Amino acid sequence: MKVGNLEIVPIVDGTSHEPIENAVSHPDGNIWDCADHPTDENGRIRLDIGSFLIQIKDRTVLVDAGGGVFAGDGTRTGAMLDNLRRAGVDPMDVTDVCFTHMHWDHVGWSTTDGDSTFPNATFRVHENDWAYFMTGPTAVPKVRDLLMPIESRVELIDAEAELLPGLVARPAPGHTPGTTIYVIHDQGERALLLGDIVHTVGELTEPEWIGMWDVDPVAAGIMRNRIAEELAASGDSFAPAHFPELAFGRLVTVEGLRRFSWAS
């Protein structure tokens, strides 16, 4: 995806095939029928996992860090580093890793065998996610163990900020306390990397659908609809973290209804 002179390159780490009822629910018990993001013959929806690569002048940026090497029921990750190298980038080249949030499938390649996978990188995440996942009763041992080796390289975000020219971090809490959207802009064009603000196309076009992995479902629903309204009004391209092939899309409003299209 080109944004002015900047290019955003999806780097796939793997794929999850989730039963649709694990991903979304509907207050009226509606059956999922989203043609743009269908379920397979077993009633599972495809959710890819990975990262987005952006080269900004002399900085090599990753937004999120995939799931690491993992194989479970319907989910397999581990291809990110190979795909990153296919894109011409060695892990040593990465200067910045920006997390949308700290669920395992977004931070998984932060370390490998206790050492930083990206030894020259600064890691950025919202302070509320760091507190939630790393300290106190909500801490997640798997995430804490993974990230402790890079703690000295972590810079915490506490407000909207332009981290690099053309890369804005915008807090958008709800899915997790510190969920952050990244806005890439150049020459009057923008694209938004949404993380897990939304997992499926249907949540954007039919706002009654409720995501199942939100820490605060009410706040997440409000944020999801606020962002969807912004995207429909602006026409900006966007990519959530789990669309198939980490693809980009666009929204428009037609006769009061949101319509989705895949972005070229």
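Our structure's up above, just so we're on the same page.
All values reported here derive from a predicted model rather than from experimental measurement. (Residues numbered from 1 in each chain as written. Predicted model: local features only at pLDDT ≥ 70, side-chain atom pairs only at ≥ 80, totals over all residues. Heavy atoms only, no water.)

Peer 1: What is the right way to read the pairing of strand β15 (residues 180-186) from this model?
Peer 2: Each regular strand carries side chains that alternate between the two faces of the sheet. Among the seven residues of β15, five are classified as buried, and the element is accordingly described as predominantly covered. Two strands pair when backbone bridges link them, and β15 and strand β16 (residues 189-195) are joined in this way by five bridges, in the antiparallel orientation. Bridging across to β16, Ile184 finds its partner in Ala191. Joining the antiparallel neighbours β15 and β16 is a turn of two residues, in which Gln187 adopts a positive phi near 50°. (Buried < 20%, exposed > 50% of the residue type's maximum accessible area, 1.4 Å probe, protein only. Helix = DSSP H or I, 4+ residues; strand = E, 2+ residues; numbered from the N terminus. Pairing = 2+ DSSP bridges.)

Peer 1: Even after reading the chapter, I still don't get the side chain of Asp105, so can you show me in this structure?
Peer 2: Mapping Asp105 onto the fold places it in helix α3 (residues 104-107). It is Lys142 that comes nearest to the buried, bridge-free Asp105 among opposite-charge side chains, at 8.4 Å. A polar side-chain atom of Asp105 sits 3.3 Å from a polar atom in the side chain of His242. Contact partners of Asp105, with chain neighbours within four places excluded, come to Ile49, Gly66, Gly67 and His242. (Lys, Arg positive; Asp, Glu negative; His and termini not counted. Salt bridge = Lys/Arg side-chain N within 4 Å of Asp/Glu carboxyl O. Polar contact = N/O pair within 3.5 Å; in protein donor to acceptor, adjacent residues only side chain to side chain. Contact = heavy atoms within 4.5 Å.)

Peer 1: For this particular structure, what's the right way to read the environment of Gln187?
Peer 2: By the secondary structure assignment, Gln187 is in the loop between β15 and β16. Taking relative accessible area as the criterion, Gln187 reaches 59% and is therefore assigned exposed. Those residues in contact with Gln187, other than ones at most four positions away along the chain, are Gly4 and Asn5.

Peer 1: Explanation requested: the pairing of strand β18 (residues 237-240) in the structure shown.
Peer 2: Both faces of β18 are covered, namely the face carrying Ser237 and Ala239 and the face carrying Phe238 and Pro240. Pairing geometry for β16 and β18, over four bridges, is parallel. If you follow Leu192 over to β18, its bridge partner there is Phe238.

Peer 1: Teacher, can you tell me more about the nonpolar core here?
Peer 2: When a protein is soluble and globular, its nonpolar side chains tend to lie buried together. Grouped together as the largest cluster of nonpolar side chains are 27 residues, with contacts concentrated most on Ile181, Leu194, Phe238 and Leu251. When residues in this core are grouped by element, the largest group, five residues, is from helix α7 (residues 217-234). Residues contacting Leu194, with those up to four places away along its chain left out, are Ile181, Ile227, Leu231, Phe238, Ala239 and Pro240. Residues Val89, Val94, Phe99 and Ala121 belong to the second largest nonpolar core, which totals 25 residues. (Core = buried A, V, L, I, M, F, W, Y, C linked by side-chain atoms within 4.5 Å.)

Peer 1: Would you mind showing me how to read α7 here?
Peer 2: Each α-helix winds once per 3.6 residues, and so residues spaced three or four apart point in a common direction. When the terminal C-alpha atoms of α7 are compared, their 25 Å separation across 18 residues agrees well with the 26 Å that a helix rising 1.5 Å per residue should span. Residues Ala220, Gly221, Met223, Arg224, Asn225, Ile227, Ala228, Leu231 and Ala232 constitute the buried set of α7. With its phi angle positive at about 75°, Gly235 sits one or two positions after the end of α7. (Expected span 1.5 Å × (residues − 1).)

Peer 1: Where do I start with the environment of Phe99 in this structure?
Peer 2: On the secondary structure map, Phe99 appears in the loop between β8 (96-98) and α3. As a C-alpha pair, Phe99 and Tyr182 span 83 residues in sequence and 9.2 Å in three-dimensional space. Excluding anything up to four places from it in sequence, Phe99 contacts Asp64, Ala65, His106, Val107, Ser110, Phe123, Arg124, Val125, Thr180 and Tyr182.

Peer 1: Sorry, what's going on with the packing of aromatic side chains here?
Peer 2: A ring pair, where both rings are aromatic, is described by two values, the distance of the centres and the angle of the planes. For the structure on display, the rule yields nine aromatic pairs. A ring pair is formed by Tyr132 and Phe133, whose centres lie 5.1 Å apart and whose planes are at 70°; its orientation type is edge-to-face. Aromatic side chains Phe243 and Trp262 sit 5.4 Å apart centroid to centroid with 70° between the ring planes, which places their arrangement in the edge-to-face category. Taken together, the residues Phe243 in the loop between β18 and β19 (249-254) and Trp262 in strand β20 (residues 257-262) connect sequence positions 19 residues apart. Accessibility expressed as a relative area gives 0% for Phe243, which makes it buried. We classify Trp262 as partly exposed; its relative accessible area is 36%. Linked through ring pairs, Phe238, Phe243, Phe260 and Trp262 together constitute an aromatic cluster. Its guanidinium or amino end placed over the ring of Trp104, Lys142 lies 4.4 Å from that ring's centre, counting from NZ or CZ. (Phe/Tyr/Trp six-rings, centres within 6.5 Å; stacked < 30°, edge-to-face > 60°. Lys NZ or Arg CZ within 6 Å of the ring centre and 35° of its normal.)

These results come straight from atomic positions and should not be treated as a statement about function.
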